[in-house]
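# Descriptive structure summary
As a plain string of letters, each chain reads:
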Amino acid sequence: MDVLILYYSRNGNTENLARQAARGVEGVEDMTARLRRIPCPDGRQPEQGDPEVTLGDLRECRGVLLGSPTYFGGMASAVKRFLEDTSGLWFRGEMVGKPAGVFTSTGSMHGGQETTLLSMIVPLIHHGMLITGIPYQHPELAHTQTGGTPYGASHTVNDHATLSRDERELTRALGARVAEIARHLA
């Protein structure tokens, strides 16, 4: 059973979060992470990396984790454009009842990570998906000095591109939570 981890990443920070979410998914019995990237709007193709997402990936998955960098407090235009192209799935109700979570990377502590996460949640709610965040029982939420919110996982780049321990733990926890719910619903 696959959980789709779908992301757009220009500088690798959101991709790093996607890889941590995949570790969380893979830690749940019988669950597999399916990493897919949203293509760059300018048509640039990376020389290596995860395959581009298809609508079939969304149809086939048991749950979704969606990631985007933060731009001015919102998701990247490439992510919004991709979501707009899923209206056929919405019309047929193909995503209804699947669990979903979101993650983002921001350039600074007050770069808009929470508004970005909320902006990504809205189309998933329209799809009828079951939104999950990170419960406060994860102690990292109480003491993180970088990223991480109850709305979803996040990374605050500031002057360090590597994920902090708290960011890694919270992102894995979100991946595991979506996978556990998907497994339970199956």
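Now for a description of the structure that goes with this document.

Scoring rules and cut-offs
- Residues numbered from 1 in each chain as written.
- Predicted model: local features only at pLDDT ≥ 70, side-chain atom pairs only at ≥ 80, totals over all residues.
- Heavy atoms only, no water.
- Helix = DSSP H or I, 4+ residues; strand = E, 2+ residues; numbered from the N terminus.
- Rg over C-alpha atoms; globule rule 2.2 N^0.38 Å.
- Buried < 20%, exposed > 50% of the residue type's maximum accessible area, 1.4 Å probe, protein only.
- Contact = heavy atoms within 4.5 Å.
- Areas by Shrake-Rupley, 256 points an atom, 1.4 Å probe, with all protein chains shown as cover.
- Lys, Arg positive; Asp, Glu negative; His and termini not counted.
- Charge placed at Lys NZ, Arg CZ, Asp CG, Glu CD.
- Polar contact = N/O pair within 3.5 Å; in protein donor to acceptor, adjacent residues only side chain to side chain.
- Pairing = 2+ DSSP bridges.
- Right-handed = clockwise from strand over helix to strand, strands pointing away.
- 1 Å grid on protein atoms, 1.4 Å probe; cavity = no way out; pocket = protein on both sides within 12 Å on 5 of 7 lines; lining within 4 Å.
- Points joined across faces, edges and corners; volume = space filled by probe spheres on them.
- Nonpolar A, V, L, I, M, F, W, Y, C, P; charged D, E, K, R; others polar.

Looking now at the overall build of the protein. From N to C terminus, the protein includes seven helices and seven strands. Secondary structure elements of the protein, listed N to C terminal, follow the sequence β-α-β-α-β-β-α-α-β-α-β-α-β-α. Taken over C-alpha atoms, the radius of gyration comes to 15 Å for the protein, in line with the 16 Å a tight globule of 186 residues would show. Overall size of the protein, expressed as C-alpha extent along the three principal axes, is 45 × 40 × 30 Å. Residues counted as buried form 53% of the 186 residues belonging to the protein. Summarising the internal contacts of the protein: among those between residues at least 6 apart in sequence, 73% fall at separations of at least 24. Summing over all exposed atoms, the protein offers an accessible surface of approximately 8,900 Å²; the carbon and sulfur share of this is 51%. Charge centroids of the protein, computed over 18 positive and 21 negative side chains, lie 3 Å from each other.

Within the secondary structure, Thr86 sits in the loop between α3 (77-84) and α4 (87-92). Classification of Thr86 as buried rests on a relative accessible area of 3%. Within the structure, the side chain of Thr86 is placed 2.5 Å from the backbone oxygen of Leu83, a separation counted as a polar contact. Contact partners of Thr86, with chain neighbours within four places excluded, come to Leu55, Leu58 and His127.

Right, let's talk about unusual backbone geometry for a bit. The backbone of Asp30 shows a phi angle near 70°, a positive value even though the residue is not glycine. Structurally, the position occupied by Asp30 is in the loop between α1 (13-26) and β2 (32-37). Its identity as a non-glycine residue notwithstanding, Phe72 has a phi of 55°, on the positive side. By the secondary structure assignment, Phe72 is in the loop between β3 (63-71) and β4 (74-75). Under the relative-accessibility criterion, Phe72 is labelled exposed at 89%.

A separate point is the pairing of β2. In terms of burial, β2 is largely enclosed, as five of its six residues are buried. Relative to β2, strand β1 (residues 2-7) runs parallel, the two sharing six bridges. Bridging from a neighbouring strand, Ile5 pairs with Leu35 of β2. Between the parallel pair β1 and β2, the chain is carried across by α1, and the sense of this crossover is right-handed.

Here we come to empty space enclosed by the protein. Under the criterion given, the structure shown has one cavity of 30 Å³ or more. The space that makes up the largest cavity amounts to roughly 80 Å³. If you go around the largest cavity, the residues you meet are Leu6, Leu58, Val64, Leu66, Phe82, Leu83, Thr86, Leu89, Met95, Leu124, His127 and Met129. Looking at the lining of the largest cavity, the elements that each hand over two or more residues are β3 and α3. Here the residues of the lining of the largest cavity are counted per class, giving ten nonpolar, two polar and no charged.

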